[in-house]
Amino acid sequence: MLDPKLFRRDPDAVRAGLARRGMDLAPVERWLELDAERKTLTTLTDQLKNERNQVSTALGKIKKEGGDISEQSARMREVGNEIKANDARLAEVEGEQKSLIEALPNLPDERVPDGPDSAANLVVRSWGTPRKFDFLAKAHYDFGEELDILDFKRSARMSGSRFWLLKGFGARLERALASFMLDVHTTEHGYHEILTPVLVNAQTLFGTGQLPKFAADLFHCSDTDLYLIPTSEVPITNLHAGEILEASELPRYYCGWSPCFRSEAGAAGKDTRGLVRVHQFHKVEMVKHTHPDRSFEELEKMVQNAEVILQRLELPHRVVLLCTGDMGFSAAMTYDLEFWSPPQDRWIEISSCSNCTDFQARRAAIRFRNAPGEPTELVHTLNGSGLAVGRTMVAILENYQEADGSLTIPKALRPYLGGMERFSRAG
């Protein structure tokens, strides 16, 4: 959530930042209009309360002296009614201000390129050389079914479209990928592993910015306050909701594996086949709670942590700095990691790493203090995929397939698969 103090202190900065994201500025102007009314109401109410105190004092004196208090009593009732009406209107004004500001996205960092969509994203660096096949490479959904490790027909029969079923080696490969990622992040990158609930309440989703604006993207359990998580970023970021940390405890590194659930609202016609855009998938998530002075440095480290996984798997990829029109709601800066899909002839996102600055921390009340007795400040929160497990399987199936219909196992995964170097349906 944006800082209301910034609206009052520098409304032009808010206008400029939101304009860079292509936002309609009407909510900002409405918020400022309401804020002027709030100030007027507060001043009037304070004046009325002061008058009420004065009248009350005078009334007591007259009553003590046996005088007529009817005029003062009438005025007391009149002032009380005015205060009550002002308080009611003030609550309405502040409620509307709250709703308006909760629906506004984070302001982009000045280093983020401007642009309306992904066409304006900036390629920062690339790694590896895309493989050139001397045979017709198959997309993962066809190759996976030929290997008998993916089954979309049975999953659709049980759950509908955009679900999947992994069988035999497919399930084992998914498990191996998650274990490999978690081992690297926890033993080499310093992350503390967390296994979270997959059902969280509305306040938790508000903290990370999914609610109230993106309720349509979530799966809600009817007759409860619980939602299925779209990513473990949600519960892990909220680990310290309402808490005050010490500066000496920062940064805090967390990672976690979880199933993720997304309704894919608005995704009709996009990646309708395969594992790229589905309602349920697994992901290893990285989350950091950092000191504001070091959050962008920590973002660069997080991107490098995700890159290590792709490099160990020897998957050609690139790092892309997202433009203002392509960033997520809570982010001030985002890097995407994309792998190259030879059969589909395109780059596909496999990780997204964002610095949300104090946007989520303000919503979730995650604070720190530099020293005992000093005022509290908001931490900066960061999150990133390390990696999306299903999409990593896509990358392996599409980059490591062989002409004879077998799959070569990346060297980094072989210890997790009993030393297996190649898998084929024939065994």
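Notes on the structure in this doc start here. Everything numeric in this text was worked out from a predicted model, so none of it was measured.

**Quick notes on the layout of surface pockets**
And step 1. By volume, the second largest pocket is sized at about 160 Å³.
And step 2. What lines the second largest pocket is simply Met1, Pro4, Arg8, Trp31, Arg38, Glu94, Gln97, Lys98, Ile101, Glu102 and Phe206.
And step 3. Of all the secondary-structure elements, those providing two or more residues to the lining of the second largest pocket are α1 (4-9), α3 (26-64) and α4 (70-102).
And step 4. Of the residues forming the lining of the second largest pocket, the biggest block, five residues, is contributed by α4.
And step 5. Across the lining of the second largest pocket, the residue classes break down as five nonpolar, one polar and five charged.

**Some points on the pattern of salt bridges**
And step 1. Applying the stated criterion across every chain yields a total of 29 salt bridges.
And step 2. Among the salt bridges present, the one from Arg89 reaches Glu37, with a minimum N-O distance of 2.7 Å. With a gap of 52 residues between them, Arg89 in helix α4 and Glu37 in helix α3 connect regions that are remote in the sequence.
And step 3. In this structure Arg89 comes out as partly exposed when scored by relative accessible area, which is 26%.
And step 4. In this structure Glu37 comes out as partly exposed when scored by relative accessible area, which is 26%.
And step 5. The salt bridge partner of Lys301 is Glu298, with a shortest N-O separation of 3.9 Å. One end of the pair is Lys301 and the other is Glu298, both in helix α10 (residues 295-312) and three residues apart, which spans about a single turn.

**Points about the pairing of strand β6 (residues 252-261)**
Moving residue by residue along a regular strand, the side chains alternate between the two faces of the sheet.
And step 1. Counting buried positions along β6 gives eight out of ten residues, so the element sits mostly inside the fold.
And step 2. Of the pairings in the sheet, the one linking strand β2 (residues 192-193) to β6 comprises two bridges and is parallel in character. What sits directly across from Glu193, in β6, is Cys255.
And step 3. Relative to strand β7 (residues 280-290), β6 runs antiparallel, the two sharing ten bridges. Within β7, the position partnered with Tyr254 by the bridge is Val287.

**Regarding empty space enclosed by the protein**
And step 1. Within this structure, the stated rule accounts for one cavity of 30 Å³ or more.
And step 2. In this structure, the largest cavity occupies an estimated 50 Å³ of space.
And step 3. Looking at the lining of the largest cavity residue by residue, the class counts come to six nonpolar, one polar and one charged.

**Quick look at the packing of helix α7 (residues 169-187) against helix α12 (residues 389-399)**
And step 1. One way to put it is that α7 packs onto α12 with a least axis distance of 10 Å and a crossing angle of 115°. If you check the angle between α7 and α12, you find them roughly perpendicular. The two elements α7 and α12 meet at a crossing, and its hand is right-handed. Seen from α7, the contacting residues are Gly170, Leu173, Glu174, Leu177, Ala178 and Met181; seen from α12, they are Val389, Gly390, Thr392, Met393 and Ile396.

Reading the values: the criteria
- Residues numbered from 1 in each chain as written.
- Predicted model: local features only at pLDDT ≥ 70, side-chain atom pairs only at ≥ 80, totals over all residues.
- Heavy atoms only, no water.
- 1 Å grid on protein atoms, 1.4 Å probe; cavity = no way out; pocket = protein on both sides within 12 Å on 5 of 7 lines; lining within 4 Å.
- Points joined across faces, edges and corners; volume = space filled by probe spheres on them.
- Helix = DSSP H or I, 4+ residues; strand = E, 2+ residues; numbered from the N terminus.
- Nonpolar A, V, L, I, M, F, W, Y, C, P; charged D, E, K, R; others polar.
- Salt bridge = Lys/Arg side-chain N within 4 Å of Asp/Glu carboxyl O.
- Buried < 20%, exposed > 50% of the residue type's maximum accessible area, 1.4 Å probe, protein only.
- Pairing = 2+ DSSP bridges.
- Axes fitted to C-alpha atoms, helices over the stretch in contact; angles between N-to-C directions.
- Parallel < 35°, antiparallel > 145°, perpendicular 65-115°, else oblique.
- Left-handed = near helix turned anticlockwise from the far one by under 90°.
- Contact = heavy atoms within 4.5 Å.

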